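Summary of structural features
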Amino acid sequence: MSVESYKLAAARRALQFVEPGMRLGLGTGSTASKFVELLAGEVRAGLQVLCVPTSEETQRLAEQHGIPLTTLCETPLLDLTIDGADEIDGELRLIKGGGGALLREKIVATASDRMIVIADSAKQVAKLGAFPLPVEVARFGMTATRNMIEMLAADAGCHGEITQRLLSDGAPFVTDGGNYIFDCAFGPMEDPEALDEALKFIPGVVENGLFLGIADAAIIGGPEGVAVIE
Ligand code: 5RP
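None of the values given here were measured: they were computed from a predicted structure. (Residues numbered from 1 in each chain as written. Predicted model: local features only at pLDDT ≥ 70, side-chain atom pairs only at ≥ 80, totals over all residues.)

A few points about the sheet that holds strand 8 (residues 161–164)
Using the following cut-off: The pairing criterion is simple: DSSP has to find at least two bridges between the two strands. Counting from the N terminus, the helices are DSSP H or I runs at least four residues long and the strands are E runs at least two residues long. All axes here are fitted lines through C-alpha atoms, helices being fitted over the stretch that makes contact, and every angle between N-to-C directions spans 0 to 180 degrees. A residue pair is marked as a contact if its C-beta atoms, positioned from the backbone, fall within 7 Å.
Read across the open sheet, the four strands follow the order 8-9-7-10; overall the sheet is antiparallel. Unpaired on one side and paired on the other, strand 8 and strand 10 (205–208) mark the two borders of the sheet. The mean inter-strand angle of the sheet, taken between neighbouring strand axes irrespective of direction, is 25 degrees. Looking at chain direction, strand 7 (residues 133–137) and strand 9 (residues 180–185) are connected through five bridges and run antiparallel. Residue Pro 134 lies in a different strand from strand 9, and its bridge partner there is Asp 183. This element, helix 4 (residues 102–110), spans strand 7 and strand 10 of the sheet and lies at about 65 degrees to strand 10. Strand contacts of helix 5 (residues 142–155): strand 7, strand 8, strand 9 and strand 10, with the helix running at about 25 degrees to strand 9, the strand carrying the most contacts.

Remarks on the site of the ligand
For clarity, the cut-off: As used in this record, a residue near a molecule or strand is one whose C-beta atom, placed from the backbone, is within 6 Å of it. Asp, Glu, Lys and Arg are counted as charged, while Ala, Val, Leu, Ile, Met, Phe, Trp, Tyr, Cys and Pro are counted as nonpolar; the rest, among them Gly, fall into the polar class.
As a matter of local geometry, the ligand sits amid 18 residues, with Gly 29, Thr 31, Gly 84, Gly 98 and Gly 99 nearest to it. For the shell around the ligand, the secondary structure elements donating two or more residues are helix 2 (30–44) and helix 4. In terms of residue count, helix 2 provides more of the shell around the ligand than any other element does, three residues in total. Of the residues that constitute the shell around the ligand, the class distribution is four nonpolar, ten polar and four charged.

Side note on the sheet that holds strand 4 (residues 87–88)
Here three strands make up an open sheet; going across it, the order is 4-5-11 and the pairing antiparallel. In this open sheet, the two strands that pair with only one neighbour each are strand 4 and strand 11 (210–211). Sheet topology places strand 5 (residues 94–95) next to strand 11; two bridges connect them, and they run antiparallel. Opposite Leu 94, over in strand 11, you have Phe 211 as the bridge partner.

Below is the structure:
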């Protein structure tokens, strides 16, 4: 069995949480894409749902598959969001944003009654932080913002290299919102809440990839099968 099959198994199990008439948030990334493709099969078979994608990429995929879409402006309250994660700890705290969609992902997840994370078991960690924390920043004054992140993160007990995310050709990665991303290699975090608070204090920080108190459940696919953690 491969990681891809674990992701697929988690995505398939998530379908069981979808009910006719639901307003759904659709996540971003390889696991969330599997869910979108499976959902498309159900829609073709007659399931009625209305969905808000969390990225341009997911929007394209959902459109290709004929999934009915709306926007969060037209439909500001959602029933359920299904999305992937880069790390999940034992308290269902997450690091997200490996795909750069953290801002829309957080807006959509917090507009939902429930958020369910789907992931392979390698995403489970004892402490968040081995995966560099994505921080989305405004382009204006980004060096000052970077310095402020370094300083306030240190006050929250986090130290490590902060690098701007680049594409393979060396050009800056630009988010769907037109911003840049710093990946912050802070290592295992003793106090994610303190770091989140510190980052929220910085004007140039648009959003950070810590999802704390947002996920309601996680569906984890692994060598032992699929586990639902609530
Ligand atoms: C995108 C995300 C993704 O959900 C996260 O990176 C996990 O991706 P994958 O399912 O491909 O491992 O947060 O911004």
